[in-house]
Amino acid sequence: QSLLYVKKDDKTPTLADQIRDLIHEYQGDRKLYLTGHGVGGALANGMAADIKFNSGSRSPAPAKIDAIYTIGSTYLASDHLAEQFVKAYKAVSYQIVRPSDGVATALRPLPYFNPVGNPVALLGNQATTEDTDHSLSEYLALLDPHRKQP
């Protein structure tokens, strides 16, 4: 059974229902930002798609997402989902990726694995021994060169 969408019984809300309910309960006048790195970025994009396209009958209306920021997100979308995602979130979605990021771009040549939102190419190099250009600390150092490094 799918933990996210399939109910164990008629009384138990799915995990997706519980997350949507919590967002509606706590959002109020607050802004909602979704963010993540790598697979976490793919989850943030998936959550945004789920909120927009699968709100279901339990929620009064889809939650308003103010912005989506992903860093080195793994590609997750079919052509159709990528197109619908751009229509829904183009103005508030920023997908930051290094062209040399071997993890984020690994699925690029495969069909059905497309980026979503506004891609933002992050150029530059850091002195590092890492060979994938995927570390969050490298992304943050390039985004803010004055940031104190650990």
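Structure: above.
What you see is a predicted model, and the numbers here were worked out from it, not measured in a lab.

J.: Any chance you could explain the packing of aromatic side chains here in plain terms?
T.: Two aromatic rings are characterised by how far apart their centres lie and by the angle between their planes. Per the counting criterion, the structure on display carries two aromatic pairs. A centroid spacing of 5.5 Å and a plane angle of 20° characterise the contact between Y69 and Y94, whose relative ring orientation is stacked. Taken as a pair, Y69 in strand β2 (residues 67-71) and Y94 in strand β3 (residues 93-97) lie far apart in primary sequence, 25 residues in all. Exposure remark for Y69: the relative accessible area of 37% places this residue in the partly exposed category. Y94 gets classed as partly exposed once you look at its relative accessible area, which sits at 30%. Between F85 and Y89 the ring centres are 5.0 Å apart and the planes differ by 55°, which places this aromatic pair in the tilted class. Here F85 pairs with Y89, and both are found in helix α3 (residues 79-89), just four residues apart, close to one helical turn.

J.: Even after reading the chapter, I still don't get the pattern of salt bridges, so can you show me in this structure?
T.: As a working rule, side chains carrying opposite charge can pair if their charged atoms are close by. Enumeration over the complete set of coordinates arrives at four salt bridges. For R98, the salt bridge goes to D133, with nearest N and O atoms at 3.6 Å. Of this pair, R98 sits in the loop between β3 and β4 (118-121) while D133 sits in the loop between β4 and α4 (136-143); the two residues are 35 residues apart in sequence, bridging distant segments of the chain. Pair check on accessibility: R98 and D133 agree, each one buried.

J.: I tried to follow the sheet that holds β3 on my own but got confused; where do I start?
T.: Across a sheet, paired strands are connected by hydrogen bonds in the backbone, their directions being either parallel or antiparallel. Ordered in space as β1-β2-β3-β4, the four strands form an open sheet in which the pairing is parallel. Strands at the two margins of the open sheet, each flanked by one partner only, are β1 (33-37) and β4. Direction aside, the axes of adjacent strands within the sheet are offset by 15° on average. Pairing of β2 with β3 involves four bridges; the strand directions are parallel. Bridge pairing in β3 links I71 to I96. Sheet contacts for helix α2 (residues 39-53): β1, β2 and β3; angle to β1, the most-contacted strand, approximately 150°. α4 rests against β1, β2 and β3 of the sheet, and its axis sits at about 115° to β2.

J.: What exactly am I supposed to notice about the nonpolar core here?
T.: Generally speaking, a soluble globular protein has its nonpolar side chains buried in company with each other. Ranked by size, the top nonpolar core spans 16 residues in total, and within it L34, A48, I65, I68 and F85 carry the most contacts. Broken down by secondary-structure element, the contributors of at least two residues to this core are α2 and α3. At five residues, α2 tops the list of elements feeding residues into this core. The contacts of F85, once residues within four sequence positions are left out, are N45, A48, A49, F53, I68, K90, S93, V116 and G117. Core analysis: the next-biggest nonpolar cluster, separate from the first, contains seven residues, V97, A104, L122 and L142 among them.

J.: Honestly, a nonpolar patch on the surface in this entry has me stumped. Any pointers?
T.: Judged by side-chain polarity, Y33, Y69, Y94 and V120 come together as a nonpolar surface patch covering roughly 350 Å² of accessible area. Tracing the backbone through its elements, the reader meets Y33 in strand β1. A relative accessible area of 45% means that Y33 is categorised as partly exposed.

What counts as what
- Residues numbered from 1 in each chain as written.
- Predicted model: local features only at pLDDT ≥ 70, side-chain atom pairs only at ≥ 80, totals over all residues.
- Heavy atoms only, no water.
- Phe/Tyr/Trp six-rings, centres within 6.5 Å; stacked < 30°, edge-to-face > 60°.
- Helix = DSSP H or I, 4+ residues; strand = E, 2+ residues; numbered from the N terminus.
- Buried < 20%, exposed > 50% of the residue type's maximum accessible area, 1.4 Å probe, protein only.
- Salt bridge = Lys/Arg side-chain N within 4 Å of Asp/Glu carboxyl O.
- Pairing = 2+ DSSP bridges.
- Axes fitted to C-alpha atoms, helices over the stretch in contact; angles between N-to-C directions.
- Contact = heavy atoms within 4.5 Å.
- Core = buried A, V, L, I, M, F, W, Y, C linked by side-chain atoms within 4.5 Å.
- Patch = residues over 30% accessible without salt bridge, like charges linked within 9 Å, V, L, I, M, F, W, Y side chains within 5 Å.
- Areas by Shrake-Rupley, 256 points an atom, 1.4 Å probe, with all protein chains shown as cover.

No statement about biological role is implied by the geometric values presented.
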